[in-house]
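# Coordinate inspection notes
Below are the chains, spelled out letter by letter.
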Amino acid sequence: MHSMWFLRRGFTSASVIMGLCVLQVASASSLGADSSPHAFIAFASAPDKVLDGSAVLLRYQCSGPCQLGVRVLATTLQETDLVIFRRKWLVRAPWGNGTHRVPLRFPPSTLYRPGLHNREVLEMVNVTLQAWVDHKDVHPGVVTVSKQLQITPLWARPIKPPTECPSWPSKLMWQINTSRLSRCRRETAEMDLLEFPFASTGEGFGVVRRVRPVMDGDLERLRRRAVSNPRAAFSMWIYLTQWCQVKQCAIFHHLNSERVYESPLIQLTDTGDIIIQAHLTDGVDEAFRLNRALPLWTWIRLDFFIQGAKVQLAMAWGGRISVSSYRFHRNLYLDDTDGHFVIGGTRYVRGIHGYFGPFKYYRFGAKKIHNDLSPKGLPLGLSEFHTQCKELQNITNTYQQEVTASHFLSPINKDVCTGFFVKTWSQFSRKTCMRTWSWEWQTKHYIFLNFLRTKEELILKAGNLSLRNLRSDLFEEGVEAMFTEGLVGIRMTEKSRALLHTASCFGNHKASLLLATLHLSGLGHSLDRQKGLIYSLTGALGDDRFALMHAGYKHTQGLDGFPKDFDMSYGYYSNVGQQSLIDMGKKDQSKQYTPEHIYLWRREDLAQREVARTDLMEFLRYQASRGDMESQKQLGAMLYWGQNGLSKDRASGVQWLEQSALQMKDPAAMYDYSILLMKGQGVKRNYTKAVDLLKKAAEMGSINALNGLGWYHGIILNDHKSAVKYFEQAAFNGSEDGMFNLGIYHLSGTFPGQPQRNETAAFLLFLNASELGHAGGSVEAAHYLSTGGLQGVSQAAERAVRMLKKVCERNGHLGFMIREALVAYLQGSWNEAFVKYVFAAETGLGLAQSNVAHLCEELSLGDDCQWRYQNYSILNYDPHPSALLKMGDFLLDSWSRQQDSLSDLVRVVSLYSRAALLGSPQGMFNLFMLVQRGHSLPSSAQDFFNVSSHEELHVVMEKILTRCVDGAGVEGEEAVAPCALALLRVQMGRALRSMSQSAPLQALVWAGFLSLCVVIVTAPLRMCLEQRRRGGLVVTQRARTSSGSQDDININTEQNGIVGEAPYIPAGRPRISVQNEEHWLSRTGDLALTLGGVCLCAFWTALLYHLF
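Read on for an overview of the structure. Keep in mind that what you see is a predicted model, and the values were worked out from it rather than measured. (Residues numbered from 1 in each chain as written. Predicted model: local features only at pLDDT ≥ 70, side-chain atom pairs only at ≥ 80, totals over all residues. Heavy atoms only, no water.)

Right, let's get into the packing of helix H12 (residues 545–557) against helix H26 (residues 812–826). The interhelical angle for the contact between H12 and H26, taken along N-to-C directions, is 95 degrees, at an axis separation of 10 Å. Judged by the angle between their axes, H12 and H26 are roughly perpendicular. Residues Arg545, Phe546 and Met549 of H12 form the contact with H26, whose own contacting residues are His813, Leu814 and Met817. Across the contact of H12 with H26, the residue classes tally to 4 nonpolar, 1 polar and 1 charged. (Axes fitted to C-alpha atoms, helices over the stretch in contact; angles between N-to-C directions. Helix = DSSP H or I, 4+ residues; strand = E, 2+ residues; numbered from the N terminus. Parallel < 35°, antiparallel > 145°, perpendicular 65-115°, else oblique. Contact = heavy atoms within 4.5 Å. Nonpolar A, V, L, I, M, F, W, Y, C, P; charged D, E, K, R; others polar.)

Moving on, we come to the packing of helix H10 (residues 509–521) against helix H27 (residues 830–841). Between H10 and H27, whose axes approach to 10 Å, the crossing angle comes to 90 degrees. Here H27 runs roughly perpendicular to H10, going by the angle between their axes. Here Lys510, Leu513, Leu514 and Thr517 of H10 lie close against H27, whose contacting residues are Val835, Val838 and Phe839. Class assignment for the residues of the contact of H10 with H27 results in 5 nonpolar, 1 polar and 1 charged.

Our focus in this paragraph is the state of the cysteines. Evaluated as defined, the whole model comprises 5 disulfides. Across the disulfide from Cys389 sits Cys505; the S-S distance is 2.0 Å. Measuring the twist about the S-S bond at about -70 degrees, one finds the Cys389-Cys505 disulfide to be left-handed. Separated by 116 residues along the polypeptide, Cys389 in helix H3 (residues 378–404) and Cys505 in helix H9 (residues 494–505) bring together distant segments of the chain. The class of Cys389 is buried, set by a relative accessible area of 6%. By relative accessible area, Cys505 is classed as buried at 10%. Between the sulfur of Cys856 and that of Cys865 lies a disulfide, 1.8 Å long from S to S. On the basis of relative accessible area, Cys865 is assigned to the buried category, the value being 3%. (Disulfide = S-S within 2.5 Å. Buried < 20%, exposed > 50% of the residue type's maximum accessible area, 1.4 Å probe, protein only.)

Taken as a whole, this structure holds 26 salt bridges when the rule is applied. Across the pair Arg223 and Asp335 runs a salt bridge whose closest N-O atoms are separated by 3.0 Å. Remark: Asp335 occurs in the loop between strand E19 (320–327) and strand E20 (340–344) and Arg223 occurs in helix H2 (residues 217–225); sequence separation between them is 112 residues. On the accessibility criterion, Arg223 (8% relative accessible area) is buried. Measuring nitrogen to oxygen at the nearest pair gives 3.1 Å for the salt bridge that ties Asp273 to Arg289. Residue Asp273 is found in the loop between strand E14 (261–269) and strand E15 (274–279), and its partner Arg289 is found in strand E16 (residues 285–290); the two are separated by 16 residues along the sequence. Residue classification places Asp273 among the buried residues on the basis of a relative accessible area of 9%. For Arg289, a relative accessible area of 17% translates into the label buried. Members of the salt-bridge network, linked through shared partners, are Glu220, Arg223, Arg224, Asp335, Asp336 and Arg363. (Salt bridge = Lys/Arg side-chain N within 4 Å of Asp/Glu carboxyl O.)

Another point: the nonpolar core. Of all hydrophobic cores here, the largest spans 156 residues; its most connected members are Ile251, Phe834 and Tyr837. Filtering out sequence-adjacent residues up to four positions away, Ile251 remains in contact with Met236, Ile238, Ile266, Gln267, Leu268, Leu302, Val342, Ile343, Gly344, Ile352 and Phe356. Formed by 36 residues, the second largest nonpolar core is a distinct cluster that contains Trp867, Leu884, Tyr912 and Ala915. (Core = buried A, V, L, I, M, F, W, Y, C linked by side-chain atoms within 4.5 Å.)

Time to look at the environment of Arg71. As for its position among the elements, Arg71 is in strand E4 (residues 66–76). Sequence spacing of Arg71 and Val83 is 12 residues, and the spatial spacing of their C-alpha atoms is 7.0 Å. The contact partners of Arg71, leaving out residues within four places of it in the chain, are Phe85, Arg86, Thr128, Leu129, Gln130 and Trp132.

With that out of the way, let us pick up the environment of Tyr869. The residue Tyr869 is located in helix H29 (residues 863–874) in this model. In sequence terms Tyr869 and Val838 are 31 residues apart; their C-alpha atoms lie 9.3 Å from each other. Residues contacting Tyr869, with those up to four places away along its chain left out, are Thr517, Val838, Ala841, Glu842, Gln849, Val852 and Ala853. There is a polar contact of 2.8 Å between the side chain of Tyr869 and the side chain of Glu842. (Polar contact = N/O pair within 3.5 Å; in protein donor to acceptor, adjacent residues only side chain to side chain.)

As a further point, take a negative patch on the surface. Taken together, the side chains of Glu857, Glu858, Asp863 and Asp864 present a region of like negative charge at the surface. Those elements that place two or more of their residues in the negative patch are helix H28 (846–858) and H29. (Patch = residues over 30% accessible without salt bridge, like charges linked within 9 Å, V, L, I, M, F, W, Y side chains within 5 Å. Areas by Shrake-Rupley, 256 points an atom, 1.4 Å probe, with all protein chains shown as cover. Lys, Arg positive; Asp, Glu negative; His and termini not counted. Charge placed at Lys NZ, Arg CZ, Asp CG, Glu CD.)

Here we take up empty space enclosed by the protein. If you walk through the whole model with that rule in mind, you get 5 cavities of 30 Å³ or more. In this structure, the second largest cavity spans a volume of roughly 50 Å³. Around the second largest cavity sit Arg802, Lys805, Lys806, Glu809, Tyr877 and Asp878, which together line it. Of the residues contributing to the lining of the second largest cavity, the split by class is 1 nonpolar, no polar and 5 charged. (1 Å grid on protein atoms, 1.4 Å probe; cavity = no way out; pocket = protein on both sides within 12 Å on 5 of 7 lines; lining within 4 Å. Points joined across faces, edges and corners; volume = space filled by probe spheres on them.)

Below, the discussion takes up the sheet that holds strand E3 (residues 55–61). Read across the sheet, 3 strands follow the order E2-E3-E6 without closing on themselves; strand pairing throughout is antiparallel. Both edges of this open sheet fall to strand E2 (40–45) and strand E6 (97–103), since each of them pairs with a single strand only. Taken over all neighbouring pairs, the strand axes of this sheet differ in orientation by 25 degrees on average, direction set aside. (Pairing = 2+ DSSP bridges.)

Moving on to the pairing of E20. The buried count for E20 comes to 5 of 5 residues, which makes it a mostly enclosed element. In the sheet, strand E11 (residues 206–209) pairs with E20 via 4 bridges, with the strands oriented antiparallel. Residue Arg209 lies in a different strand from E20, and its bridge partner there is Phe341. As judged from the 4 bridges shared by strand E13 (residues 248–255) and E20, these two strands associate in the antiparallel manner. Note that in E20 the partner of His253 across the bridge is Val342.

Quick look at unusual backbone geometry now. Looking along the chain, the bond that leaves Ser263 and enters Pro264 is cis, with omega of -10 degrees. Tracing the chain through its elements places Pro264 in strand E14. Between Ser374 and the following residue, Pro375, the backbone shows a cis peptide bond with an omega angle of -5 degrees. Relative to the helices and strands, Pro375 resides in the loop between strand E21 (353–362) and H3. Backbone geometry places Asp543, a non-glycine residue, at a positive phi of 65 degrees. Tracing the backbone through its elements, the reader meets Asp543 in the loop between helix H11 (529–541) and H12.

Structure (structure tokens):
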């Protein structure tokens, strides 16, 4: 053991690359970079701390009309830059200058502790006083000046004095509710920094932990006094799979707010030794080294005690205990609230390769440490897994050696022998082998031995098996053994489990992820959460992208035994985020594709993809061959990047992109081709031609071309002044690339005219770029949010995780997996599609989760499989509305059958509301149905539909349906039809209710009703009279006919000498009477019909008036 000295300052990143990423940033003037040469503002006097009633005196100068302002920004543990005071005023006189006094008034929440008269408080961690002057017309720009104000701790704030005596009921309610208020949990000196194993890949990624001040005033004063004379203890479990691949790697370290190493810093060396470094009270850093190599492949407990200047390290493993002590020349300086602790690595130092187990921190020291290896069974299960893997690797090496040396007898090589389960007893007994293959050994590994026997011919030809090919073959055979021909569903057989387990041991961590999924979900196998967690952590340790995303996603949601811990989730996602940035630079590789967002249950998406792959492709080829520039550009992009289901064809893609660019008409095409020329991707590198194209594209208005010119001047010509000029122009016009590249200049301290690093400006640029979707900006901004180490930036691990999750889901390898799954599905290989979609679904990708749920239903894998992934999809930050609707329908159906729990109904309303907020017409219609039954809307839905709880039911329903009809949303125009019909019914009901309350309209309705009655009565009478009239005419005609006949008879009688008279019939009178009655009824009916029509017209006019 001897002393050593180490650098205290954290290492900067190995390299900062100003690449052509894609982002947008705010104007430089918003950051105070573009200031007016004739503007000036400064504090003549300003308070030093947050004090109500204090005043700030400003000195200023303006060259024209300007606006001055003062504001106070507070940063809490949850929010950044919260405005707690603001004043603005105008100076209209030209060349105005002078002083201005501004009294500061702060809200009670920032001045007093909680109490009866002060219910809400702000626990501030940083307060900034800012003043600015802004020229509106003459010299656009903002000049700012700021000052940090001291904060009074929450426990030291006074109680707010009462402004008036509370009423007796208020005082009584306060006393009653005081007992119901949640109390602060009892503070303890023992803190669990880590309770669940964390897989460390040996890179610069770890778990960040911040420690807050003690709420109790006495304990906080004790802690502050102990900063220069600390009494503390740390206890941690670690599992090493290898020593450091570099000179030193971190086990645990403390970074202060300036990102400088504080006490303690515990490191591992490349020989297994431990180095401990401390920062002392005199400002000196001192370190010592323990020359005791830590063992591999076993759990080790490290207990580190600090007592003033003396430290002690106890190491225990396998029943052995080693204790070492060291005394520094001064007391250690330990302020645990300054900065943050890191378990593992950061961007400044690498971490160990292995696992971290339970980690405890004793703030005020401990005489005895209680830190058992937990959770129960999991750490020991990890150790057992790696022991089995070493045994399998030894078996493989020995088997290959003995096959190559021809010491065993086998069907392939008669001079080679194998064990009992490979050959018969007689064959086994004939030869003497170099190694004794025990009965227990053969029984345990007979499946793997049979697999190796099939590879003997390959071993004899090549001499040994390629580990990459071996694990790939193991994985493929293991997956194939899961699906039995003729049987539906997944079945985890002994063969598939053994082969996949061996593939996992040999480094195929897709096998690790698949085994983890099967054990955690119970698909084709009994549920075994512990084994699932073992395989999950094993895959993460192997640095596999999907396994890391899987672990990060589980920690984000707290699923399947993973604790909900955003700091641990960030440790995994930050790794994949860095890998994704590297992958994006190689996106032209054959196994990287942009993820296609196609849902299997949406037949129109599948049909559209097929059309784009065939008909659209032929159309584009035809148009491109005729010289159509847009077709050439689109066809080139599709072929180069492999879009719309096409395979990548870089050569053909570059040819079409070149033809479209050289027409010099489309700046976007010119930019795309110039980037290929600069990078030499698919075409010979040609900077001269590329720059010419970029300049012409920039002249035609291409913002990306400005960014490309900046990259060329900064990287190729090393002309940073010109590069920044181009980047600023691009950023000002909304280029996310320009914003990101400016942030890199500020971060690296190479910004022209500003030799110092400006991390605040860099962070703001990265943050703006990330909001526009820039991957690099998201990764950089998430780093600052995860630690909260930048002044004025609160720790927001959840926000950092959300940003990185979006970046990881754009990874080209994930896109390739989704593409392979979709192709397998379209080809009818649904089992293969299911496995590949499961890989993507376990990373947290909502698209894949919805498709897995669909395949679970199609393959009849059970309701548990379907609802597991359907439920996962709705837990994402951006779920698809269909998943929300399906889960809502499922819960509503369950509730309607049982109706024993209102919680399910509340979840139904919440799910439908979330779908409605995403623009789903079906979700809005379902909400309408629930509201119609008397259920209330959540506050988010009320804001979305612009309704309140005090409005009448029909008003709420009408607003919901109106919003539904106004936009078809994501489900298409057909989904609006139910809303439109329901809206018509609701509006008709409202109009009728309104009309029923008007006396003139009531009279109009009654008049119309009476007219209708008259029409109904007169119509049958008119028909009867019409029939009678027709009957009279017939009688008259018959009478006339009879009269004529009688005359003839009389004539004949006279002629025959017979004289007589015919009878007289007055036929005209009945006919005249019938005609008069019919005429009267006709007039009455026509009058009633006219009156009814008028009333009906007036009624519909009034109805339409009330409708609209």
